[in-house]
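Okay, here's what each chain looks like letter by letter:
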Amino acid sequence: SMDTIISVFNGLVDDGLIVPTRGEQKQKGRRATFYRLEDGGHTYLGVTFNRSGIYSVLVGLSGTPLFDHTSRIDSGSTNDAFAQLFRDHLDRVTHDARDRSLTIRAAGAAVPGDLDETTGVLRSYTFMPRLSNLDIFRIIEASLPGVDTVVEQNVTGTGGYLLHDEELIGRYRRILFVSVHSGAASGLLYDGNIVTGHGEFGHIRVSDEEKRCVCGRRGCLDLYFSHQGFYRFKLRR
């Protein structure tokens, strides 16, 4: 009933989730009342990293980016050094949010490497070989107390992003996607679900060249089929 709809909207207004906004009225009929999502009321933090830096963005309820931060790091960082840099980065985020009168409601971390998604512990990361059994979840939990936090392997995050494409998911039952950000990785979607989101294969030997990979071996796929590999090829040309 219309009373139910009005009560729902009033409840959303009372909870600070929506606010009145301007809109174009139709030429005929009753005047409409327009609302928009209140981005500042509920904000969500996304954070990731690679061997070059830590990257985060705070988004509003509608998905609108409110601000972002980048912290440069050393790929040779140890667990302790990286953990401190990560905490410093999150401190910057929380201070910036507080200065803007924003409250972080939830946080999501997309982590590269061999991640235990049950515990949020990074077992290893090829491009940062001195990281071992680093508890990413606890670092975020300590820096953002009381904030709901999810830690996933970054390829799983990419698969989750694809699930938002309803046309793509509706057209194909099986989707294999390949990521080549830092290195080559793949995931599989089936019937709108992530079957596997951690299929790293960048260190399969694909060449007899003596070019050395960061993992210590030679001829790895990551030397050619990765962001860095494409960049080097472009420079040579």
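Preceding this paragraph is the structure being described.
One structure accompanies this document, and this report is about it. On a predicted model such as this, the values are computed, not experimentally measured, just so you know.

**A word on the layout of surface pockets**
Taken as a whole, the second largest pocket holds about 250 Å³ of empty space. Residue lining of the second largest pocket: M2, I5, I6, F9, A32, T33 and Y35, and that is the complete set. If you tally residues by element for the lining of the second largest pocket, the top one is helix α1 (residues 2-14), at four residues. Its residues placed into classes, the lining of the second largest pocket shows six nonpolar, one polar and no charged.

**Here we look at the packing of aromatic side chains**
To describe a pair of aromatic rings, you give the distance between the ring centres and the angle between the ring planes. For the coordinates displayed, the defined rule picks out six aromatic pairs. Where F49 meets F82, the ring centres are 4.8 Å apart and the plane angle is 55 degrees; that geometry is what we call tilted. Taken together, the positions of F49 in strand β3 (residues 43-49) and F82 in helix α2 (residues 79-99) put the pair 33 residues apart, joining distant regions of the chain. The pair F49 / F82 is uniform in exposure class, with both members buried. A ring pair is formed by Y125 and F127, whose centres lie 5.9 Å apart and whose planes are at 75 degrees; its orientation type is edge-to-face. Of the two residues, Y125 and F127, both sit in the buried class. Ring pairing ties together the aromatic residues F49, F82, F86, Y125 and F127, which thus form one cluster.

Analysis parameters
Positions within a chain are numbered from 1, following the residues in the order the chain's sequence is written. Reporting of local features is limited, given that this is a predicted model, to residues whose pLDDT is at least 70; pairs of side-chain atoms are given and counted only at 80 or more, and all residues count toward the totals for whole chains, interfaces and linings. To obtain the side-chain values, all non-hydrogen atoms of the structure were used and water was disregarded. As defined here, a cavity is a set of points on a 1 Å grid over the protein atoms alone where a 1.4 Å probe fits but cannot get out. A pocket is an open set with protein on both sides within 12 Å along at least five of seven lines, and residues line them when an atom is within 4 Å of a point. Grid points are joined across faces, edges and corners, and a volume is the space filled by probe spheres set on the points. Secondary structure counts use DSSP, requiring at least four H or I residues in a row for a helix and at least two E residues in a row for a strand, with both numbered from the N terminus. Charged residues are taken to be Asp, Glu, Lys and Arg, nonpolar residues to be Ala, Val, Leu, Ile, Met, Phe, Trp, Tyr, Cys and Pro, and polar residues to be all remaining types, Gly included. Stacked, edge-to-face and tilted are the three classes for Phe, Tyr and Trp ring pairs, Trp counted by its six-membered ring, which pair at centre distances within 6.5 Å; planes under 30 degrees apart are stacked, over 60 edge-to-face, the rest tilted. Relative accessibility decides the category of a residue: with a 1.4 Å probe and only protein chains considered, values under 20% of the type maximum give buried, values over 50% give exposed, and everything between is partly exposed.

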